[in-house]
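Here is what each chain is made of, one letter per residue.
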Amino acid sequence: MAGASGGVGGLFTGLLLRSGAEVTRVDLAASREGGPGLRDVVDDIRAPGPETARAVADADLVLLAVPEQVALDAVAPLAGLMRPGALLADTLSVKSRMADRLREAAPRVQAVGVNPMFAPSLPLPGRPVAAVTVTGGPAARAFLELIAGWGGRVVELEPGEHDTLTAVQQAATHAAVLSFGLALAELRPDMAALRASAPPPHRTLLMLLARIVSGSPEVYWDVQAGNPHADAARRALGHGLERIGRAVADGDEAAFEALVKELRTALGDPHRKELAQSCADLFTALP
């Protein structure tokens with residue numbers, strides 16, 4: 001595994017070890033933590049040295065939990081080392097460019113991209129893992145079955161579909177919460193009074209904002225800058241604010257009501273009712 005020292009890499013390392021697998025971690029810096037079943041190689045996965053080459057040649061699974069450009073650069077050298085029947089997997093948050101590179105440089109290598117749709121500090125069971133199979137086969141199916149066996153809810157998608165969905169799920173969501181936070185910073189309310197009197201929707205947004213700004217800015221930058229559809233998602237957020245503002249500025253209550261009806265239609269009745277109930281349950285559980 002390359003990038004095992006990161007959050008997602010560490011998540012998969014722990015799961016693989018608990019399943020009885022032996023894991024070789026390849027990284028530019030030596031790991032400070034060892035244990036049974038673990039071996040460390042200090043190397044660049046983009047230019048494998050002899051020890052890394054032997055580990056790749058013997059591996060059933062080569063997992064890339066590294067930045068996108070590193071993963072793209074590693075495909076060709078790894079494809080030349082992997083044995084027939086082995087699987088090349090990645091944990092990138094954008095899948096289209098990796099799928100194109102795999103089809104170009106490693107067309108005969110089984111390849112799957114997975115994207116845990118949650119912070120790696122959270123437990124896996126019950127949570128969604130987006131999966132993009134680029135080149136299928138027994139090893140690809142076995143890996144996805146293994147993730148399901150760990151309790152992950154595997155959601156299989158096409159590369160473009162994955163990137164379009166995550167632009168809405170991640171880029172638009174994070175941008176909305178960050179924009180809410182920037183509005184707070186501009187309006188400068190008294191935070192103690194704000195929290196003491198906050199209704200559940202506002203408190204939930206404050207909680208989301210606190211979680212994001214307590215994390216690594218690099219993670220959220222990658223979401224905004226890396227997804228090819230993120231700019232369209234941010235523009236759509238801006239359009240929504242403009243439409244609301246225009247209806248209110250014009251004193252047009254009917255236009256505002258039409259916006260709400262449009263949103264009901266967009267959600268669809270079955271989803272709307274289920275999500276509204278989940279929100280009610282969340283608000284009930286809030287302290």
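Shown above is the structure to which this text applies.
Rules used throughout
Residues numbered from 1 in each chain as written. Predicted model: local features only at pLDDT ≥ 70, side-chain atom pairs only at ≥ 80, totals over all residues. Heavy atoms only, no water. Helix = DSSP H or I, 4+ residues; strand = E, 2+ residues; numbered from the N terminus. Buried < 20%, exposed > 50% of the residue type's maximum accessible area, 1.4 Å probe, protein only. Areas by Shrake-Rupley, 256 points an atom, 1.4 Å probe, with all protein chains shown as cover. Lys, Arg positive; Asp, Glu negative; His and termini not counted. Charge placed at Lys NZ, Arg CZ, Asp CG, Glu CD. Phe/Tyr/Trp six-rings, centres within 6.5 Å; stacked < 30°, edge-to-face > 60°. Salt bridge = Lys/Arg side-chain N within 4 Å of Asp/Glu carboxyl O. Axes fitted to C-alpha atoms, helices over the stretch in contact; angles between N-to-C directions. Parallel < 35°, antiparallel > 145°, perpendicular 65-115°, else oblique. Left-handed = near helix turned anticlockwise from the far one by under 90°. Contact = heavy atoms within 4.5 Å. Nonpolar A, V, L, I, M, F, W, Y, C, P; charged D, E, K, R; others polar. Pairing = 2+ DSSP bridges. Right-handed = clockwise from strand over helix to strand, strands pointing away. Core = buried A, V, L, I, M, F, W, Y, C linked by side-chain atoms within 4.5 Å.

(A) Highlighting the overall build of the protein chain. When its secondary structure is counted, the protein chain shows 12 helices and 7 strands. Along the first, second and third principal axes, the C-alpha atoms of the protein chain reach 70 × 40 × 30 Å. When each of the 287 residues of the protein chain is scored for burial, the buried share is 37%. In the structure as shown, the protein chain presents an accessible area of about 16,400 Å², 58% of it carried by carbon and sulfur atoms. Within the protein chain, the 33 negative side-chain charges are centred at a point lying 3 Å from the centre of the 27 positive side-chain charges.

(B) Structural context of unusual backbone geometry. Although it is not a glycine, R188 adopts a positive phi angle of roughly 50°. Counting through the fold element by element, R188 comes out in the loop between helix 6 (159–187) and helix 7 (191–197). Relative accessible area serves as the criterion here: at 70%, R188 is assigned to the exposed category.

(C) Geometry of the packing of aromatic side chains. Taken as a whole, this structure holds 2 aromatic pairs when the rule is applied. Among the aromatic residues, those joined into a ring-pair cluster are F12, F143 and W150.

(D) Layout of the pattern of salt bridges. Summed over the entire model, instances satisfying the criterion amount to 12 salt bridges. A salt bridge links E51 to R39, with the shortest nitrogen-to-oxygen separation between them at 3.1 Å. Residue E51 is found in helix 2 (residues 50–58), and its partner R39 is found in strand 2 (residues 38–42); the two are separated by 12 residues along the sequence. Taking the relative accessible area as the measure of exposure, E51 reaches 36% and is therefore partly exposed. Here R243 and E262 are joined by a salt bridge, their closest N and O atoms 2.7 Å apart. On the criterion of sequence distance, the pair formed by R243 in helix 10 (residues 230–249) and E262 in helix 11 (residues 253–267) is long-range, its members being 19 residues apart. What emerges from the salt-bridge pattern is a single network uniting D231, R234 and R235.

(E) Quick peek at the packing of helix 6 against helix 9 (residues 217–226). In the contact formed by helix 6 and helix 9, the axes pass within 9 Å of each other and the chain directions differ by 120°. With respect to each other, helix 6 and helix 9 are oriented oblique. Judged by the twist between their axes, the crossing of helix 6 over helix 9 is left-handed. Across from Q170, A171, H174 and A175 in helix 6, the residues of helix 9 making contact are Y220, V223 and Q224. Broken down by class, the residue content of the contact of helix 6 with helix 9 amounts to 4 nonpolar, 3 polar and no charged.

(F) Molecular detail of the pairing of strand 4 (residues 87–90). Covered by surrounding structure in strand 4 are L87 and A89 together with L88 and D90, the residues of both alternating faces. Pairing of strand 3 (residues 61–64) with strand 4 involves 4 bridges; the strand directions are parallel. Paired with L63 across the two strands is A89, which belongs to strand 4. You can see the chain leave strand 3, run along helix 3 (residues 68–79) and come back into strand 4, and the turn it takes is right-handed.

(G) A look at the side chain of H174. Relative to the assigned elements, H174 resides in helix 6. Discounting residues that sit within four places of it in the chain, H174 has contacts with I212, Y220, V223 and Q224.

(H) Representation of the nonpolar core in the model. Formed by 28 residues in total, the largest nonpolar core has its most connected members in I45, L64, L78, L88, M98 and L102. At the level of secondary structure, the elements contributing two or more residues to this core comprise strand 3, helix 3, helix 4 (96–105) and strand 6 (128–135). Take this core: its biggest share by element is 7 residues, from helix 3. For L88, the residues in contact, after removing those within four places along its chain, are V62, L64, L78, M82, L102, V109, Q110, A111 and V112. Grouped together as the second largest cluster of nonpolar side chains are 22 residues, M1, L16, L63 and V114 included.

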